[in-house]
Each structure stands twice: as C-alpha cells, then as structure tokens.
Amino acid sequence: RSALEYGSPCWSPWSSRSNIKLLQRVQNDALRSVGGLARTCPIDLLHLETGVEPLASRFAKNDQLMWERYRRLPGSDPRRQLMEREVPARLTTRLGWRHMTGPSMRELEYETFEEVPRIPHWSKAKCEFDAVELDRRKDEYTQEELKRIAMNKIESLFAEVIIYTDGSTNGNQENGGAGMYIEDGRSGECHEASFPAGKLSSSYGAEGVAMLKAMEWIRENECTSVICTDSMSLVQALKSNNWKDNNELLMRIKSQLQLINNTPTVLWVPSHCGIVGNERADVLADEGA
C-alpha cells in the first residue's frame, strides 16, 4: 500500500478513473490472497470482509489530510501559500489537488487550539495525584458506602477549595460539554460553570476541557485546592507526564500547571455515588453540551 499511494495528493486528483481502477486491481488481488477469498468475491464484500477501504477513498482522505497539514502551517510558509493561491483550472476534464480538495475543505468550520509549546521533558508536573482507594470492585459497594469513603478522603486533604469536574458527550462522540462545581471553604460560597467541549468530542476530551478550566481558575485564584474527577484515564495520563504526548488538551493543562504558584491535588473519585459536587458537575457538563 505504501507504494500504491506514495505521494498520492500530487497525482491522484489528475489521474483518470481507469488508471485508479488499475491500481485498485492490485489491491484487490492482495486482499483476496490475504483474506483467502475466491476470485469471484464481489469487490464491496471484499472490502467489508478485510476491513480495508477502496483506494479512491484512501486517496481522497490523503488529499484532505495534506490540506489540513498545510492549513495549520504559518502564513509565511510556501506550502500554505501554495494551498491558498487561486489558480485557474487549466483543463476542464482533469482537476488538480487544489481544485478537487479545496471546495469541501473550505466548507469545514471548526475551532482549533492555538499552538502550545511542548513542556521540557525534564520538568515535573507541579501537581499531586491521589485516589479514593477501594478494597474491592466498585459495584460491590453500596452507593452510601462509596459516598462515605470518598467524602472521608476529600476531607482528609484539608484543602481551602474543592473543585469537582466532569465531562459529557453523546453516544456518537458529538456535542461535548464540561462542567465545574467549586466549593470555596474560605468564603463558604459555591461557584458553577459550564463550557462547550466541541461539536466533535469524546468523553475523555470533555473531561480534559473541564480539567483545563479548573487549572485556569486555580491560577487566577491562588489557594490550596483539590480537583475531584471521576476520569481515571485522565488522571493516569497526567500522572505519567509523558513528554512525548501530543494531546493538545494535556499539553495545555501541563502549561497551566507551570503557571500555578501552589501545588494542586488531582483526586480520582468514584462516579454516581451521591457526592453533591460530583453530581452537580455532571449536570453542568450536560448544560455545557
């Protein structure tokens, strides 16, 4: 495949359908061999059986990926200037990469993160990590038991501010929302906030947006704080502090941690066990969506 689609954004838009079909035959023969399928196997079933998409779809996707890579380059980069330059089509029957890919890509409207500098790998996360320890599986506890264990753990940390965060998304990984519920022990007040987490968003991404907003609040309001989240995967990702991680949200959270003067504690708590702050953050995340 690497030979079949090498440099495809350069030549595939110009190629005739007959030439693309010739390349597709090469892939079909390979898929029949790999899948142990008969020569009479229909092409559509061949792709379904092997889980491999047609070459024409791969070429179109490669064109879009290259367009997106060029769009994210600085405005002074010649590759981005090449992409944005308006050039008339020289042929009516064959169109190049810009003319075939541009119309569909220009219709896409979405918000992108500003580029975040990577944290030096020798720097440590200015954060403590903890978890509500359970002796057995979560479903073997009653809701009252989980709530009591979690509240005892939270109270043992003696923080001025307790922040509960949560994320929400639908089953199709769309319309993400983030919620943040703050219990400020200094003033006795509670603060609530909801945020959108993206039209296309996973639960992990929505949880990350909520964590980022909590870090920003702590940076603006210096205090000893505990951030309670029910996302074990997010806690583990931050705790591992892998400097090679390219996740935009993790990089932004780590950047905020470098700006915080004190050391917050990120605490994992079990979900849906009746903790008022956690339940309220869940509702706020739905509102953010």
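Structure: see above.
Residues numbered from 1 in each chain as written. Predicted model: local features only at pLDDT ≥ 70, side-chain atom pairs only at ≥ 80, totals over all residues. Heavy atoms only, no water.

### Remarks on the packing of aromatic side chains
Consideration 1: Applying the stated criterion to the full structure yields 3 aromatic pairs.
Consideration 2: Grouping aromatic residues by their ring pairs yields a cluster made of Trp67, Tyr70 and Trp97.
Consideration 3: Of note, Arg136 hangs over the ring of Tyr141, and the distance from its end group to the ring centre comes to 4.0 Å. (Phe/Tyr/Trp six-rings, centres within 6.5 Å; stacked < 30°, edge-to-face > 60°. Lys NZ or Arg CZ within 6 Å of the ring centre and 35° of its normal.)

### Thoughts on the environment of Lys124
Consideration 1: Take Lys124: it is sitting in the loop between α6 (97-106) and β1 (128-131).
Consideration 2: Residue Lys124 is classed as exposed on the basis of its relative accessible area, which comes to 70%.
Consideration 3: Between the C-alpha atom of Lys124 and that of Val276, which follows or precedes it by 152 residues, the distance is 33 Å.
Consideration 4: Excluding residues within four positions of it along the chain, Lys124 makes contact with Asn241 and Gln258. (Helix = DSSP H or I, 4+ residues; strand = E, 2+ residues; numbered from the N terminus. Buried < 20%, exposed > 50% of the residue type's maximum accessible area, 1.4 Å probe, protein only. Contact = heavy atoms within 4.5 Å.)

### As for the side chain of Thr169
Consideration 1: Its location among the elements puts Thr169 in the loop between β2 (161-168) and β3 (174-184).
Consideration 2: A polar atom in the side chain of Thr169 sits 3.0 Å from the backbone oxygen of Glu174.
Consideration 3: Engagement of the side chain of Thr169 in a polar contact is seen with the backbone oxygen of Ser201, the distance being 2.9 Å. (Polar contact = N/O pair within 3.5 Å; in protein donor to acceptor, adjacent residues only side chain to side chain.)

### Looking at helix α11 (residues 276-288)
Consideration 1: The end-to-end C-alpha distance of α11, which contains 13 residues, comes to 18 Å, matching closely the 18 Å that a straight helix rising 1.5 Å per residue would cover.
Consideration 2: For α11, the complete set of buried residues consists of Gly277, Asn278, Ala281, Leu284, Ala285 and Gly288. Along α11, the residues classed as buried sweep out an arc of 120° about the axis, all on the same side. The exposed set on the far side of α11, more than 90 degrees from its buried face, consists of Val276 and Glu287.
Consideration 3: As for α11, its buried residues are in contact with β2, β3 and β4 (189-200). (Expected span 1.5 Å × (residues − 1). Arc of directions from axis to C-beta.)

### Considerations on the sheet that holds strand β6 (residues 265-268)
Consideration 1: On the basis of which strands lie adjacent, the open sheet formed by 6 strands has the order β1-β6-β5-β2-β3-β4 and mixed pairing. Of all strands in the sheet, those with a lone pairing partner are β1 and β4, marking the two edges. Each adjacent strand pair in this sheet contributes to an overall mean axis angle of 20°, direction not counted.
Consideration 2: Relative to β6, β1 runs parallel, the two sharing 4 bridges. Each bridged residue has a counterpart across the sheet, and for Asp130 the counterpart in β6 is Leu267. (Pairing = 2+ DSSP bridges. Axes fitted to C-alpha atoms, helices over the stretch in contact; angles between N-to-C directions.)

### Let's talk about the pairing of β4
Consideration 1: Note: β3 against β4, 10 bridges, orientation antiparallel. Bridge pairing in β4 places Glu183 opposite Cys190.
Consideration 2: Linking β3 to β4, which pair antiparallel, is a turn of 4 residues; within it Gly188 sits at a positive phi near 75°.

### Focus: helix α7 (residues 143-156)
Consideration 1: A rise of 1.5 Å per residue sets the reference length of α7, with its 14 residues, at 20 Å; its end C-alpha atoms lie 20 Å apart and thus fit the reference within 8%.
Consideration 2: Every buried residue belonging to α7 is among Leu146, Ala150 and Ile154, and all of these are buried. Down the axis of α7, the buried side of the element spans an arc of 60°, and every buried residue falls inside it. In α7, the exposed positions angled more than 90 degrees off the buried face are occupied by Glu144 and Glu155.
Consideration 3: Considering only its buried residues, α7 is in contact with β2, β5 (225-229) and β6.
Consideration 4: Looking one or two residues past α7, Phe158 carries a phi angle of roughly 50°, positive in sign.

### Some words on unusual backbone geometry
Consideration 1: Backbone geometry at Phe158 places phi at a positive 50°, although glycine is not the residue there.
Consideration 2: If you trace the backbone, Phe158 turns up in the loop between α7 and β2.
Consideration 3: You will see that Asn175, though not glycine, has its phi angle at about 55°, which is positive.
Consideration 4: With respect to the helices and strands, the residue Asn175 is situated in strand β3.

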